[in-house]
Amino acid sequence: MASALKQSKRFLSLDVFRGLTICLMIVVNTPGSGAKFYTAFTHASWFGFTLADLVFPSFLFAMGNAMSFSMPRFKNGTSAAFWKKIIKRSLIIFLIGYLMYWFPFFEYGTDGGLQLKLISETRIMGVLQRIALCYFFTAILVHYFKTKWILIISGGILMVYWALLYLLGTNGHELEMATNGITWLDQTIFGESHMYKKDRISFDPEGLLSTLPAVVNVVGGYLAGVFIIKSGKSYKTIAQLLIAGVVLYALALIWEGSFPLSKKLWTSSFVLYTVGIDLCIIALLIFSIELKQLKTGTYFFTVFGKNPLFIYLFSELFFVILGLIKTPSGLSVFDWVSQEVFQKLASGSFGALLTAFVFMLLCWFLGYILDKKSIYIKI
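Computed from a prediction, not measured in an experiment: that's the story for all the values here.

I tried to follow the overall build of the protein on my own but got confused; where do I start?
Looking only at helices and strands, one finds 14 helices and 2 strands in the protein. Over its C-alpha trace the protein gives a radius of gyration of 21 Å, about what one expects of a compact globule, namely 21 Å for 379 residues. Counting only C-alpha atoms, the protein reaches 65 × 55 × 45 Å along its principal axes. Here the protein holds 379 residues, and the buried ones make up 48% of them. Counting contacts in the protein only where the partners sit at least 6 residues apart, residues at least 24 apart contribute 73% of the total. With the model as given, the accessible surface of the protein reaches about 18100 Å², and the carbon-plus-sulfur share is 69%.

This is the structure:
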């Protein structure tokens, strides 16, 4: 009976959603060189929204979905067991993210020899670090508060963040890259040497302050997961998810007038916008997969979903390695393959997309091998 109940609560659509986010995340992060990438797969430069901007918040939303299945087991355990688990998991994910940015730990010095990369110049915040912090604070919220208070606190977080950006930013220039509260706080706490340096200035799109509203993306996924588990696979569930998604989407568009959509600032309107879209996507996946039983191709995405963090980490490290190895032409292996193979097969943006797609397939193949061997790497 217990096994049957567990199976009935399993939603293939949620696994597909999680896998889809990893798939798109890899494509967005590994564009081929030699041509301009499609705008849809490139993050908005500051304000605005593209498909690429949906990927990371959707991963946080998917993590919240997964927490709706895992967190209830702590209800019957001790407080010590809960804190030990979430602190350990958060620290491990944060540390892995930090080491990922330090990787490969060595670099060529001015004399041509290898030297240890300065840890004093390693980026502190980042994608995995944000995931770790969002997991930590969401776990506390859902463990100690009821749904009503989680919603109130989430709304408060978005309003407080709005206020903080204006309080901490330079008067009249609060939402500009060099003068916003995120930049000020990261520079004050970490210093420029520990910030992201590949933008116009030292600015971290996964900064400490902007991680605060990102917690609400995880909360949104968690509450959606709880609702789906409770309501089951039905047209009523789909309708209510769609209604909630459209309402949040509409609120985001209204708020955008005074607090523009921006992934790099992770504005509160951006949170409502992305959670709204994710609710609609989840609803459509439940309709297609759970009710209409359209399961062709779903295995491809569940391969990503079964080892999401590991495959993401592999993709990042593999990309760095391919960028470090030089060919006789002077290009890195990644750039050489992109320009000498894929740009000749299909020039322009499509060739750049084809490079990213093939790289994503290589990462998928690793996930496929792990799945066939029933190896699931969890932190």
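Sorry if this is basic, but what is going on with helix H7 (residues 181–189) here?
Think of an α-helix as 3.6 residues a turn; residues three or four steps apart then line up on the same face. Regarding H7, the residues found buried are Gly181, Ile182, Thr183, Leu185 and Asp186. The secondary structure elements touched by the buried residues of H7 are helix H6 (147–168). With its phi angle positive at about 90 degrees, Gly191 sits one or two positions after the end of H7.

What exactly am I supposed to notice about the packing of helix H2 (residues 12–29) against helix H14 (residues 349–372) here?
Pairs of packed helices are described in terms of their axes, by the angle between the two and the distance that separates them. Contact geometry of H2 with H14 gives a least axis separation of 8 Å together with a crossing angle of 135 degrees. Compared by their axis directions, H2 and H14 come out oblique. Here H2 runs over H14; the crossing is right-handed. Residues Cys23, Ile26 and Val27 of H2 form the contact with H14, whose participating residues are Leu353, Ala356, Phe359, Met360 and Cys363.

For this particular structure, what's the right way to read the nonpolar core?
One recurring pattern in soluble globular proteins: nonpolar side chains tend to sit buried together. Grouped together as the largest cluster of nonpolar side chains are 95 residues, with contacts concentrated most on Leu60 and Ile131. Leu60 has contacts with Ile131, Cys134, Ala214, Asn217, Val218 and Trp266, leaving out every residue within four places of it along the chain.

Quick question: what am I supposed to make of the packing of aromatic side chains here?
The relation between two aromatic rings is expressed through the spacing of the ring centres and the mutual angle of the planes. Counting across every chain of the model gives 31 aromatic pairs. Note on Phe49 and Tyr273: the rings are 4.8 Å apart at their centroids and 70 degrees apart in plane angle, and the pair reads as edge-to-face. Residue Phe49 is located in the loop between H2 and helix H3 (51–70), and its partner Tyr273 is located in helix H10 (residues 268–291); the two are separated by 224 residues in the primary sequence. Ring geometry for Tyr299 against Tyr368: centres 6.4 Å apart, planes inclined by 85 degrees, an arrangement best described as edge-to-face.

Mind showing me how you'd approach the pattern of salt bridges here?
Side chains that differ in sign of charge can pair as their charged atoms come close. Evaluated as defined, the whole model comprises 7 salt bridges. Of the charged contacts in the structure, one is a salt bridge between Glu206 and Arg123, with a shortest N-O distance of 2.7 Å. In this pair, Glu206 is assigned in the loop between H7 and helix H8 (211–231) and Arg123 in the loop between strand E2 (114–116) and helix H5 (127–144), connecting sequence segments 83 residues apart. Residue Glu206 shares its accessibility class with Arg123, and that shared class is buried. One salt bridge connects Lys344 with Glu340, and the closest N-O pair in it is separated by 2.8 Å. With a gap of 4 residues between them, Lys344 and Glu340 both fall in helix H13 (residues 333–345), about one helical turn apart. For Lys344, a relative accessible area of 61% gives the class exposed. Put simply, Arg123, Asp204, Glu206 and Lys263 are held in one network by salt bridges that share partners.

What is the right way to read unusual backbone geometry from this model?
Trans is the common state for peptide bonds, and a negative phi is the common state for residues other than glycine. The linkage connecting Phe103 with the following residue, Pro104, adopts the cis geometry, with an omega of 10 degrees. Phi at Trp266 is positive, roughly 50 degrees, even though this residue is not glycine. Within the secondary structure, Trp266 is located in the loop between helix H9 (235–255) and H10. Phi is positive for Ser374, which is not a glycine, with a value near 55 degrees. For Ser374, the position within the fold is in the segment after H14.

I'm lost on a nonpolar patch on the surface in this one. Help?
A cluster of nonpolar residues, Tyr144, Phe145, Trp149 and Ile152, forms a patch on the protein surface that exposes about 410 Å² of accessible area. Turning to its location among the elements, Phe145 is positioned in the loop between H5 and H6.

Looking at this model, I keep getting lost on the environment of Val341. Mind explaining?
Take Val341: it is sitting in helix H13. For the pair Val341 and Thr355, spaced 14 residues apart in sequence, the C-alpha to C-alpha distance is 8.9 Å.

Any chance you could explain the side chain of Asn307 here in plain terms?
Topologically, Asn307 is positioned in the loop between helix H11 (298–306) and helix H12 (308–324). A distance of 3.1 Å separates a polar side-chain atom of Asn307 from the backbone oxygen of Ile375. Aside from chain neighbours lying at most four places away, what touches Asn307 is Leu370, Ile375, Tyr376 and Ile377.

I tried to follow H9 on my own but got confused; where do I start?
The terminal C-alpha atoms of H9 lie 30 Å apart, and with 21 residues this matches the ideal 30 Å at 1.5 Å per residue to within 8%. Residues of H9 that are buried include every one of Thr237, Ile238, Leu241, Gly245, Ala252 and Trp255, and no others. Along the axis of H9, the buried positions cluster into a sector of 125 degrees, meaning they face one direction only. Away from its buried face by more than 90 degrees, H9 exposes Tyr235, Lys236, Ile243, Val246 and Ile254. Where H9 is buried, its residues meet H6, H8 and H10.

What's the story with the side chain of Thr237 in this structure? I'm lost.
Inspection of the secondary structure puts Thr237 in helix H9. Classification of Thr237 as buried rests on a relative accessible area of 1%. At 2.8 Å, the side chain of Thr237 forms a polar contact with the backbone oxygen of Gly232. Non-local contacts of Thr237, meaning those with residues more than four positions away in its chain, are made with Phe227, Ile228, Ser231 and Gly232.

Cut-offs and rules
- Residues numbered from 1 in each chain as written.
- Predicted model: local features only at pLDDT ≥ 70, side-chain atom pairs only at ≥ 80, totals over all residues.
- Heavy atoms only, no water.
- Helix = DSSP H or I, 4+ residues; strand = E, 2+ residues; numbered from the N terminus.
- Rg over C-alpha atoms; globule rule 2.2 N^0.38 Å.
- Buried < 20%, exposed > 50% of the residue type's maximum accessible area, 1.4 Å probe, protein only.
- Contact = heavy atoms within 4.5 Å.
- Areas by Shrake-Rupley, 256 points an atom, 1.4 Å probe, with all protein chains shown as cover.
- Axes fitted to C-alpha atoms, helices over the stretch in contact; angles between N-to-C directions.
- Parallel < 35°, antiparallel > 145°, perpendicular 65-115°, else oblique.
- Left-handed = near helix turned anticlockwise from the far one by under 90°.
- Core = buried A, V, L, I, M, F, W, Y, C linked by side-chain atoms within 4.5 Å.
- Phe/Tyr/Trp six-rings, centres within 6.5 Å; stacked < 30°, edge-to-face > 60°.
- Salt bridge = Lys/Arg side-chain N within 4 Å of Asp/Glu carboxyl O.
- Patch = residues over 30% accessible without salt bridge, like charges linked within 9 Å, V, L, I, M, F, W, Y side chains within 5 Å.
- Polar contact = N/O pair within 3.5 Å; in protein donor to acceptor, adjacent residues only side chain to side chain.
- Expected span 1.5 Å × (residues − 1).
- Arc of directions from axis to C-beta.

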